[in-house]
Amino acid sequence: LVLDPEQLNFLWVTEFPLFEFDEEGGIGSTHHPFTAPIPEHEQALSQHWHDASQLSKIRGQHYDLVVNGVELGGGSIRIHRADMQEHVLENVLKIPLEQFSHLLKGLRSGCPPHGGIAL
């Protein structure tokens, strides 16, 4: 494979797994605990959160921008529903809700879908 050094080859990397697993069976976020699942996987997240084999299939709405094999930046669409955010924090990741009471209060007040990217 020979690449033209004058050509810019852009690539969006999408649909990363939402969760990662350590050797002891612990679960963590691959991006951050506020990343939303892709819409098609929301039901699996709510129904199969106790099953690691099912959780490993859930994809997140996070993305990287790559040019010529170099990552330029990345970002995500955030969870904007309080019930889903509470579920991910408390049930899946086992993070105490008290740490994020301000966020959950804001989400309960109404929050539109939102996201970002860092370049």
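This report concerns the structure included in the present document. (Residues numbered from 1 in each chain as written. Predicted model: local features only at pLDDT ≥ 70, side-chain atom pairs only at ≥ 80, totals over all residues. Heavy atoms only, no water.)

Let us now look at the pattern of salt bridges. This structure, assessed with the given rule, holds three salt bridges. Measuring nitrogen to oxygen at the nearest pair gives 2.4 Å for the salt bridge that ties arginine 108 to glutamate 86. Of this pair, arginine 108 sits in helix H4 (residues 101-108) while glutamate 86 sits in helix H3 (residues 82-92), and the two are 22 residues apart along the sequence. By relative accessible area, arginine 108 is classed as exposed at 53%. Classification of glutamate 86 as partly exposed rests on a relative accessible area of 22%. (Salt bridge = Lys/Arg side-chain N within 4 Å of Asp/Glu carboxyl O. Helix = DSSP H or I, 4+ residues; strand = E, 2+ residues; numbered from the N terminus. Buried < 20%, exposed > 50% of the residue type's maximum accessible area, 1.4 Å probe, protein only.)

Turning our eyes to something else, we now look at a nonpolar patch on the surface. On the surface, Leu8, Phe10, Trp12, Val70, Leu72, Ile117 and Leu119 cluster together into a nonpolar patch covering about 770 Å² of accessible area. Within the fold, valine 70 resides in strand S5 (residues 70-77). (Patch = residues over 30% accessible without salt bridge, like charges linked within 9 Å, V, L, I, M, F, W, Y side chains within 5 Å. Areas by Shrake-Rupley, 256 points an atom, 1.4 Å probe, with all protein chains shown as cover.)

This part is about the pairing of S5. Pairing analysis gives six bridges linking strand S4 (residues 62-67) to S5, with the strands arranged antiparallel. For leucine 65, the partnering residue across the bridge sits in S5 and is glycine 73. In sequence, S4 turns back onto S5 through a hairpin of two residues, with asparagine 68 there showing a positive phi of about 50°. Summarising the sheet, S5 and strand S6 (residues 115-118) pair through four bridges and their orientation is antiparallel. Its bridge partner lying in S6, isoleucine 77 is registered against glycine 115. (Pairing = 2+ DSSP bridges.)

One broad rule of soluble globular proteins: the nonpolar side chains tend to lie buried together. If you look at the biggest cluster of nonpolar residues, it comprises 11 residues: Leu18, Phe19, Ala36, Leu45, Leu55, Ile58, Ile79, Met84, Val88, Val92 and Leu93. Tallying contributions element by element places H3 first for this core, with three residues. Residue contacts for leucine 55: discarding those within four places in its chain leaves Phe19, Phe21, Ile27, Leu45, His48, Trp49 and Val92. Core analysis: the next-biggest nonpolar cluster, separate from the first, contains six residues, Ala82, Leu97, Phe100 and Leu104 among them. (Core = buried A, V, L, I, M, F, W, Y, C linked by side-chain atoms within 4.5 Å. Contact = heavy atoms within 4.5 Å.)

Closest axis-to-axis distance for the H3/H4 pair is 8 Å, and the angle between their directions is 155°. With respect to H4, the element H3 is oriented roughly antiparallel. When H3 is examined against H4, the residues Ala82, Gln85 and Glu86 are found in contact with a partner set consisting of Leu103, Leu104, Leu107 and Arg108. Split by residue class, the contact of H3 with H4 holds four nonpolar, one polar and two charged. (Axes fitted to C-alpha atoms, helices over the stretch in contact; angles between N-to-C directions. Parallel < 35°, antiparallel > 145°, perpendicular 65-115°, else oblique. Nonpolar A, V, L, I, M, F, W, Y, C, P; charged D, E, K, R; others polar.)

A word on the sheet that holds S4. Strand order in the open sheet made by the four strands is S1-S4-S5-S6, with antiparallel pairing throughout. Two strands close off the open sheet at either side, each with one partner strand: strand S1 (10-14) and S6. For this sheet the average axis-to-axis angle between neighbouring strands, irrespective of direction, equals 20°. Two elements, S1 and S4, share five bridges in a ladder whose sense is antiparallel. Looking at S4, one finds that phenylalanine 10 is bridged to valine 67.

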